Amino acid sequence: LDRLPPAAYKLSALAGREMTLAVEPALSSPAQNQTAGHQYLLLALPFGRVSVSEPLQAVFVKAAWILSERGYRARTGANADGESLTIKLAGLSASGYDLLFTRNVICSVELQGERQPSGSSVTQSATARGESSAFRRYAFQNELEYHCEKALELALRQLFDYLQL
């Protein structure tokens, strides 16, 4: 999730509508590197922490990608007469449970969104949650990242559907 894929730039260039996109934490203290969960040995013993670096950046990049698929060109900054969307990261959880010969990976993301259509004083609000889990024989960083990205994408698509984007 470091940057938009090249295809997103092509989709964005073809998009007909601009939207100001802002991503912020729903919590009072924003953290760039936060503990999202723990690893548990035999379901009960805490074994280590799972941290997610720059979760707000990950939300912004994935949101911009999905908006470009839906015909919007995401931009930052204030746009007084255009449409705007604010996404708040309300919750992020990623955990791994070690069983005897397998690991259960669970990731969930909760988002809150507010859409201000252009030329309207009415604000649309919605909350969405995405979850992804799987049993894997060897589930480490790559698998956790995959399931966190999948949960984020599910939450964003659900949020955008609720906000009629």
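Residues numbered from 1 in each chain as written. Predicted model: local features only at pLDDT ≥ 70, side-chain atom pairs only at ≥ 80, totals over all residues. Heavy atoms only, no water.

J.: Please provide a residue-by-residue account of the overall build of the protein chain, values included.
T.: For the protein chain, the count of helices and strands is three helices and seven strands. The helix and strand sequence of the protein chain, counted from the amino end, reads α-β-β-β-α-β-β-β-β-α. Contacts spanning at least 24 positions in sequence make up 69% of the contacts within the protein chain whose residues lie at least 6 apart. Accessible surface, the protein chain: about 9400 Å² in total, of which carbon and sulfur atoms supply 51%. (Helix = DSSP H or I, 4+ residues; strand = E, 2+ residues; numbered from the N terminus. Contact = heavy atoms within 4.5 Å. Areas by Shrake-Rupley, 256 points an atom, 1.4 Å probe, with all protein chains shown as cover.)

J.: Could you give an account of the nonpolar core, with specific residues and numbers?
T.: Leu85, Ile87, Leu111 and Phe160 are the most contacted members of the largest nonpolar core, which totals 32 residues. The element best represented in this core is helix 2 (residues 55–69), accounting for eight residues. With sequence-adjacent residues up to four places away left out, Phe160 is seen in contact with Ala63, Ile66, Leu67, Arg70, Leu85, Ile87 and Leu165. (Core = buried A, V, L, I, M, F, W, Y, C linked by side-chain atoms within 4.5 Å. Buried < 20%, exposed > 50% of the residue type's maximum accessible area, 1.4 Å probe, protein only.)

J.: Go over the side chain of Arg115, please, and point to the residues and values.
T.: Tracing the backbone through its elements, the reader meets Arg115 in strand 6 (residues 103–116). Within the local environment of Arg115, its side chain forms a polar contact with the backbone oxygen of Leu163, the two atoms lying 2.8 Å apart. At a separation of 3.2 Å, a polar atom in the side chain of Arg115 contacts the main-chain carbonyl oxygen of Gln164. Apart from the residues lying within four places of it in its own chain, the contact partners of Arg115 are Tyr72, Glu83, Ser84, Leu85, Val122, Thr123, Gln124, Leu163, Gln164 and Leu165. (Polar contact = N/O pair within 3.5 Å; in protein donor to acceptor, adjacent residues only side chain to side chain.)

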